[in-house]
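Residue-level structure breakdown
Chain residues, written in single-letter form:
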Amino acid sequence: MKKCFPVFQRSKEITRWSLKSLAQMSSQPLQQNATVLLQDVALRLDEQQNICNKLIHHVQNPSTIASSSSLSGTKRNRGGGKVIQATNMSVRVPFATQLKIEQERQLQIQKSIQQLQNLHFLHSDTLQLTQGIFLGNTTILDRFSKADQHLVQATLEQVRSRHAATVENLADIVIGLRSMQSQQIIRTGELDTMVEIFLRQRLGIQLLCDHYVALHKGKQPYGGIAVNCPLNDVLQDAVTEAKHICDANLNIVPEVIMPASTADNGQDAKGHHLTLVRPWTHHALVELLKNAMASVVQKAIDDGSQRPSPIYIQLKKEEEEDDDDEKLHIDIVDQGVGLKDGDNSEQVAFGFAQSSSLKRWDRIDEQRTYAMVRSPLQSLGVGLPLSRMMMQHFGGNVQLLANHHRNAGLDNSSGNKSRSNGCTARLTLLVDDEVEEYQASTVPVA
């Protein structure tokens, strides 16, 4: 008797995958994988659509996110203007000026609403694509012929491609709303939280789509998951690409000293094999490396030096007493311009659609080397926050640490005489491949 798989049920909960559970799908029938992954993608798209509705509601109702210092709470003075309460003093704003501000606010709100509605329609359309396979014609997954298999693959590829521009669209929306925030018209804290949840869920959808496509094509033994992946190869590929980017944009390439030639801790990348989402790890490493390279080049320009200082990659294992999870830290240590002074410098660097960099530069072309990631958008400040989200998806992390606040761990024999300068970018990976992905309704703590 032909085995039938359950059809899509709206009440079904989203599956929380681990790297191991995804990799194990390679030993299951493709028909079963298609049913399970399509259903999970549909549920996640439904959640994304709900977030779009909430975002629209918040933009349409500024009172839910506006602070008490908004224009609705100002007072008119005898001169016909308004007094807007600032942090330290009251500033008299002429009526014509405040009217112009209000008009700009309304235009920005309408623009943001239109952009969010477009996102809503996008998710509605792609949700119907996935649900149609279950609800429109259940025989597709029952018979699962060659044509049906290609239809499922094409559907998930279409979901992925249609959502490729969502990061850019959200960045435009957030940047516009932050301009209103700077005028004390709107507070975007709660909206930023929803945007972050939206982006994290988007990563999960992309991963599942690419995982099935890879399983269908059969070119990768474990689909979109790299099992027992040599870390040295991942590092070498990232360094090579980052050097090409730096050379193309700055016409100079700083030296990168790999872990095998670093004598301070004895950790060699050749001895490490991990299960990971290789495109995500590659993306995060390139992002951190290119920022480090830009930093040391800028420092050399500021100091009048002909050559930038080298960048060190160090590996450190960690296993805390109260935590059974073994962690592998990849530290990218530079002697560049460093983080800006202030307690919130890392927060600004990882804020979506904002950047603390002195100069940002884009990657070469569109990065066709990995389908699950779009290249960082120049001047939009999305590279670092997306890198952190990717690593946190399965329990890892990305951090920025000022070298003058910590011991960078460089050996004196390396010739480094100013280890207190610059920044250490730490990418953390969990050795355990059974850690489940984050809960869709929460944002992991950095």
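About the thresholds
Residues numbered from 1 in each chain as written. Predicted model: local features only at pLDDT ≥ 70, side-chain atom pairs only at ≥ 80, totals over all residues. Heavy atoms only, no water. Pairing = 2+ DSSP bridges. Helix = DSSP H or I, 4+ residues; strand = E, 2+ residues; numbered from the N terminus. Contact = heavy atoms within 4.5 Å. Axes fitted to C-alpha atoms, helices over the stretch in contact; angles between N-to-C directions. pLDDT = per-residue confidence, 0-100. Core = buried A, V, L, I, M, F, W, Y, C linked by side-chain atoms within 4.5 Å. Buried < 20%, exposed > 50% of the residue type's maximum accessible area, 1.4 Å probe, protein only.

Regarding the sheet that holds strand 8 (residues 327–333)
The strands making up a sheet are joined through hydrogen bonds of the backbone, oriented either antiparallel or parallel. Taken in spatial order, the five strands make up an open sheet running 5-7-8-10-9, and their pairing is mixed. For this open sheet the edge positions go to strand 5 (256–257) and strand 9 (397–402), each flanked by a neighbour on one side alone. In the packing of helix 8 (residues 231–250) onto the sheet, the strands contacted are strand 5, strand 7 (311–318) and strand 8, and the crossing angle to strand 7 comes to about 155 degrees.

What to know about the confidence of the model for the protein
For the protein, the average pLDDT comes to 77, and 69% of its residues sit at 70 or higher. By mean pLDDT, strand 1 (residues 75–76) is the weakest element of the protein at 40, and helix 1 (residues 19–23) is the strongest at 97. Scored below 50 in pLDDT, residues 64–88 shows 54 contacts in the model against residues more than four places distant or in partner chains. Within the model, the stretch residues 408–418 combines pLDDT values under 50 with 21 contacts to residues more than four positions away or in other chains.

Focus on the nonpolar core
Core analysis: the largest hydrophobic core is formed by 98 residues, its most contacted members being Val152, Ile313, Ile330, Ile332 and Leu427. At 13 residues, helix 7 (residues 189–217) tops the list of elements feeding residues into this core. Once residues lying within four places of it in the same chain are set aside, the contact partners of Leu427 are Ala284, Leu285, Leu288, Leu328, His329, Ile330, Met391, Asn397 and Val398.

Quick look at unusual backbone geometry
Phi angles above zero are rare outside glycine, and Phe144 is one such case at about 50 degrees. Locating Phe144 in the fold gives a position in the loop between helix 4 (139–143) and helix 5 (146–162). The class for Phe144 is buried, based on a relative accessible area of 8%.

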